[in-house]
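Residues per chain are reported as follows:
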Amino acid sequence: MRLIFLGPPGIGKGTQAKLLAERHSLAHLSTGDMFRSVISRNTDLGTFAKSFMDKGKLVPDDVVLGMVNERLREDDTASGYIFDGFPRTVPQVEGFKKLLKELGQFIDHVIALEGNDTVLVERLSSRRTCSDCGKIINLIFSPPKVSGQCDDCGGELFQRNDDKPEVIQKRLDVYEEQTEPLVNYYERKALLRRVDGMGSVHEVAERIDKYLINNILEE
Ligand code: AMP
């Protein structure tokens, strides 16, 4: 099974994609995580990507497509995957289409998580990430037992530069301008399912699972 998760920043794509990937043994392919990983290794690609990410802008399409091309040739993607945060622009959709053709693959379904901007801003500004294990928590909905520390590994919790208030609105604007058109594109291809992304992690996961059980996993 090959899926794409679409949705604005803060909607919970990463959390839901990770849970679903674990439940169904799929590779979780987050282009944001891939960039954060090259940044933490101080590579040239990392320095380049960071200059866009810190401003809430998108990394150029050719760079993203090159990274996705390499990633899809790794063995763990053979039995299926979930893209989280890719594609994000029309040129990325076009490039991805060519790549899928080359690999003899196709996307089964696109899940679009939806929500309102006020909640998204609130979620993003209270989001913290563990510097050791990468776990994402929310200070309001799932506060850590010890302030500033990850419940799972004790690592230090930090706020991503792009989750700072001045960058959040820019990311939402970029989503609306460049990524939202993809929702209509996949809808026209009859691949899209809209899912309400508001509510608890558990509630949203149940909605996604219900849809998949009825429509995909039994195919
Ligand atoms: P995310 O973790 O998906 O919110 O991504 C964080 C940041 O990484 C984005 O704001 C972009 O700067 C960059 N990024 C991640 N995925 C892409 C992509 N598909 N295209 C361009 N930039 C991306």
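How each quantity is defined
Residues numbered from 1 in each chain as written. Predicted model: local features only at pLDDT ≥ 70, side-chain atom pairs only at ≥ 80, totals over all residues. Heavy atoms only, no water. Phe/Tyr/Trp six-rings, centres within 6.5 Å; stacked < 30°, edge-to-face > 60°. Buried < 20%, exposed > 50% of the residue type's maximum accessible area, 1.4 Å probe, protein only. Lys NZ or Arg CZ within 6 Å of the ring centre and 35° of its normal. Patch = residues over 30% accessible without salt bridge, like charges linked within 9 Å, V, L, I, M, F, W, Y side chains within 5 Å. Areas by Shrake-Rupley, 256 points an atom, 1.4 Å probe, with all protein chains shown as cover. Salt bridge = Lys/Arg side-chain N within 4 Å of Asp/Glu carboxyl O. Lys, Arg positive; Asp, Glu negative; His and termini not counted. Charge placed at Lys NZ, Arg CZ, Asp CG, Glu CD. Helix = DSSP H or I, 4+ residues; strand = E, 2+ residues; numbered from the N terminus. 1 Å grid on protein atoms, 1.4 Å probe; cavity = no way out; pocket = protein on both sides within 12 Å on 5 of 7 lines; lining within 4 Å. Points joined across faces, edges and corners; volume = space filled by probe spheres on them. Nonpolar A, V, L, I, M, F, W, Y, C, P; charged D, E, K, R; others polar. Axes fitted to C-alpha atoms, helices over the stretch in contact; angles between N-to-C directions. Parallel < 35°, antiparallel > 145°, perpendicular 65-115°, else oblique. Contact = heavy atoms within 4.5 Å. Pairing = 2+ DSSP bridges.

(A) The packing of aromatic side chains, seen in detail. Considering all chains together, one arrives at six aromatic pairs under this definition. Centroid distance F83 to F86: 4.9 Å. Interplanar angle 50°. Geometry classified as tilted. An identical accessibility class is assigned to F83 and F86; each is buried. Between Y185 and Y186, the ring centres sit 5.0 Å apart and the planes meet at 85°, which makes this aromatic pair edge-to-face. For the pair Y185 and Y186, one class covers both residues: buried. The structure contains a cluster of three or more aromatic residues connected by ring pairs, namely Y81, F83, F86 and F96. The ring of F106 carries the charged tip of R2 above its face, separated from the ring centre by 5.8 Å.

(B) Structural detail: a negative patch on the surface. Together, D117, D173, E176, E177 and E180 make up a negatively charged patch on the protein surface. The element best represented in the negative patch is helix α7 (residues 165-188), accounting for four residues. By the element assignment, E176 lies in helix α7.

(C) Representation of the layout of surface pockets in the model. Roughly 220 Å³ of internal volume is contained in the second largest pocket. Within the residue set of the lining of the second largest pocket, elements represented by two or more residues are β4 (109-114), α6 (117-125) and α7. Among the elements that make up the lining of the second largest pocket, the one with the highest residue count is α7 (six residues). Partitioned by chemical class, the residues of the lining of the second largest pocket number seven nonpolar, three polar and five charged.

(D) Highlighting the packing of helix α2 (residues 31-40) against helix α4 (residues 61-71). With their axes 11 Å apart at the nearest point, α2 and α4 run at an angle of 95° to one another. With respect to each other, α2 and α4 are oriented roughly perpendicular. Here T31, M34 and F35 of α2 lie close against α4, whose contacting residues are V63, V64, M67, V68 and R71. Considering only residue class, the contact of α2 with α4 consists of six nonpolar, one polar and one charged.

(E) Region of the structure containing empty space enclosed by the protein. Evaluation of the coordinates by the stated rule reveals one cavity of 30 Å³ or more. A volume near 50 Å³ is recorded for the largest cavity. If you go around the largest cavity, the residues you meet are F5, L6, G7, K13, G85, F86, P87, R88, Y175 and T179. Elements with a contribution of two residues or more to the lining of the largest cavity: β1 (2-6) and α7. Its residues assigned to classes, the lining of the largest cavity comprises five nonpolar, three polar and two charged.

(F) Representation of the sheet that holds strand β7 (residues 157-158) within the structure. Pairing is antiparallel across the open sheet formed by three strands, whose spatial order is β6-β5-β7. Either end of the sheet is taken by a strand with one partner, and the two such strands are β6 (136-138) and β7. The sheet contact formed by strand β5 (residues 127-130) and β6 spans three bridges and is antiparallel. The residue bridging T129 from the neighbouring strand is I136, located in β6.

(G) A look at the pattern of salt bridges. Following the criterion strictly, the structure yields 16 salt bridges and no others. Note that K135 and D152 form a salt bridge whose closest N and O atoms lie 3.3 Å from each other. Here the residue K135 occupies a position in the loop between β5 and β6, and D152 occupies one in the loop between β6 and β7, the gap between them amounting to 17 residues. Taking the relative accessible area as the measure of exposure, K135 reaches 29% and is therefore partly exposed. Residues joined in a network through salt bridges with shared partners are R127, R160, D162, D163 and R171.

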